[in-house]
Amino acid sequence: MKKTSTRLADGRELIYYDLGDATVRDAPDRRPLEPTVTSSEVRRDPLLGDAVAIASHRQGRTYHPPPDQCPLCPTRGDRLTEIPDASYDVAVFQNRFPSLAGDSGRCEVVCFTSAHDSSFAALSGEQARLVLEAWTDRTAELSQLPSVRQVFCFENRGAEIGVTLQHPHGQIYAYPFVTPRTGSMLRQAAAHRRASGGENLFDAVLARELAAERVVLTGEHWVAFVPYAAHWPYEVHLYPRRRVPDLLALDEAARTEFPQLYLELLRRFDRIFGDGEPPTPYIAAWHQAPFGPPADVEGVSRDDFALHLELFTIRRTSGKLKYLAGSESGMSVFINDVPPERAAQRLREVASS
């Protein structure tokens, strides 16, 4: 992998990740951009303790542009985009309309490929490995920022999810706090350790799932399963067999095997609902341990956390979506229409031949 860092016309950072060591990236950003102005603010909910990002400047962000005006495609002639070069392997840049900025964190866009009509599932193993290396490198860099406590790499895919740019891409949020979801996991891990006499919660979950009928896909270094209490109609968790706190701690064997398993999972997701259906909308989310001081949870450290990826779709059956209505949105109590065991069976049925 070759990494090249440069600046866009308004001062935002752009990083190219290339498969070829000889690749040269020196095309300037020819757009007449003014410096980016953001108004991101993090407020704390006094009742729940949750953090809420207020980012009014995002109202003006690019919204469903036609393909010939996609800002994530490479620059071609006078068609100027966020990527000045005429092609790229993987490109990462600071979001022009960030939810978090300055002391409130940082947001980046990760372009998986220069091919507008492609998808992550269509990448080669080599390309997927390069994305993994980019995620890892950005996690390392962002975790060093003084204000950052947690780095979250994720992909939103599909208009039903709320994606406004159709080019294959994901995002990275560097939060200045430990997110509520991670805080809950750490508290559960601490409670389990006390109740079990020292057992690690994530290790116990993985052992239980390996013995259950919800396993979808296994490799020498990774395991994919539908969790016992899945929130979403089709939800898969992908764990390395060797517990590590973050992407930085993955060994070479796990990195090498990851593309094979992850690409197969994504391709199965696109086959869940049968031929003729539009691509399955999904969210793919990496859960990593917080950085910096330990979270406010006694009895656990960041090494007790287990890196894992959660992949889920909001489509519950052909042509129907799972909406977060009263119970889910009002009380955070999920109601799942698809039994996890049935979801796992379906995901095994659509395996690549």
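Heads up: the structure comes first, above all this text.
Not measured: the values here are computed from a predicted model. (Residues numbered from 1 in each chain as written. Predicted model: local features only at pLDDT ≥ 70, side-chain atom pairs only at ≥ 80, totals over all residues. Heavy atoms only, no water.)

J.: How would you sum up the side chain of Lys322? Please name residues and give values.
T.: Within the secondary structure, Lys322 sits in the loop between β15 (320–321) and α5 (326–331). Overall, the relative accessible area of 9% leaves Lys322 in the buried class. Among the polar contacts made by the side chain of Lys322, one reaches the main-chain carbonyl oxygen of Ile335 at a distance of 2.5 Å. In this structure, Lys322 is in contact with Trp232, Pro233, Ile314, Arg316, Glu328, Ile335 and Asp337, ignoring residues within four places of it in sequence. (Helix = DSSP H or I, 4+ residues; strand = E, 2+ residues; numbered from the N terminus. Buried < 20%, exposed > 50% of the residue type's maximum accessible area, 1.4 Å probe, protein only. Polar contact = N/O pair within 3.5 Å; in protein donor to acceptor, adjacent residues only side chain to side chain. Contact = heavy atoms within 4.5 Å.)

J.: Explain unusual backbone geometry to me, using residue names and the numbers behind them.
T.: Although it is not a glycine, Ser332 adopts a positive phi angle of roughly 60 degrees. Considering the arrangement of structural elements, one finds Ser332 in the loop between α5 and α6 (340–349). When its relative accessible area of 61% is taken as the criterion, Ser332 is described as exposed.

J.: Describe in detail the nonpolar core, supporting the description with residues and values.
T.: With 54 residues, the main nonpolar core has Phe120, Trp135 and Trp286 as its most contacted residues. When residues of this core are assigned to their parent elements, the largest contribution, eight residues, is made by helix α4 (residues 252–269). Ignoring anything within four residues of it in the chain, the contact list for Phe120 reads Phe112, Ala128, Val131, Trp135, Glu155, Tyr262, Leu263, Leu266 and Tyr282. Of all hydrophobic cores here, the second largest spans 15 residues; its members include Leu186, Val223, Ala289 and Ala306. (Core = buried A, V, L, I, M, F, W, Y, C linked by side-chain atoms within 4.5 Å.)

J.: Describe the packing of aromatic side chains, with residues and values.
T.: Throughout the structure, instances matching the rule amount to 19 aromatic pairs. Relative to Phe154, the ring of Phe152 lies with its centre 4.6 Å away and its plane at 15 degrees, an arrangement referred to as stacked. Residue Phe154 is classed as buried on the basis of its relative accessible area of 8%. Measuring from ring centre to ring centre gives 6.3 Å for Trp222 and Trp286, while their planes differ by 65 degrees; the resulting arrangement is edge-to-face. Taken together, the residues span a long stretch of sequence, with Trp222 in strand β10 (residues 222–225) and Trp286 in strand β12 (residues 282–287) at a distance of 64 residues. (Phe/Tyr/Trp six-rings, centres within 6.5 Å; stacked < 30°, edge-to-face > 60°.)

J.: Describe the pattern of salt bridges, and please don't skip the residues or the numbers.
T.: Tallied over the entire structure, the rule returns 31 salt bridges. The salt bridge involving Glu277 is made with Arg315; its shortest N-O contact spans 3.9 Å. Of this pair, Glu277 sits in the loop between α4 and β12 while Arg315 sits in strand β14 (residues 315–317), placing them 38 residues apart in sequence. Note that Glu349 and Arg342 form a salt bridge whose closest N and O atoms lie 3.5 Å from each other. Take Glu349: its relative accessible area is 44%, and that puts it in the partly exposed class. What you see here is one network of salt bridges that share partners, running through Lys3, Glu13, Arg106, Glu108, Asp137, Arg138 and Glu141. (Salt bridge = Lys/Arg side-chain N within 4 Å of Asp/Glu carboxyl O.)

J.: Run through the side chain of Glu13, naming residues and quoting values.
T.: Looking at the secondary structure, you find Glu13 in strand β2 (residues 13–18). Accessibility expressed as a relative area gives 15% for Glu13, which makes it buried. Among the polar contacts made by the side chain of Glu13, one reaches the side chain of Arg106 at a distance of 2.8 Å. Residues within four places of Glu13 in sequence aside, it is in contact with Ser5, Thr6, Arg7, Val92, Phe93, Gln94, Arg106 and Arg138.

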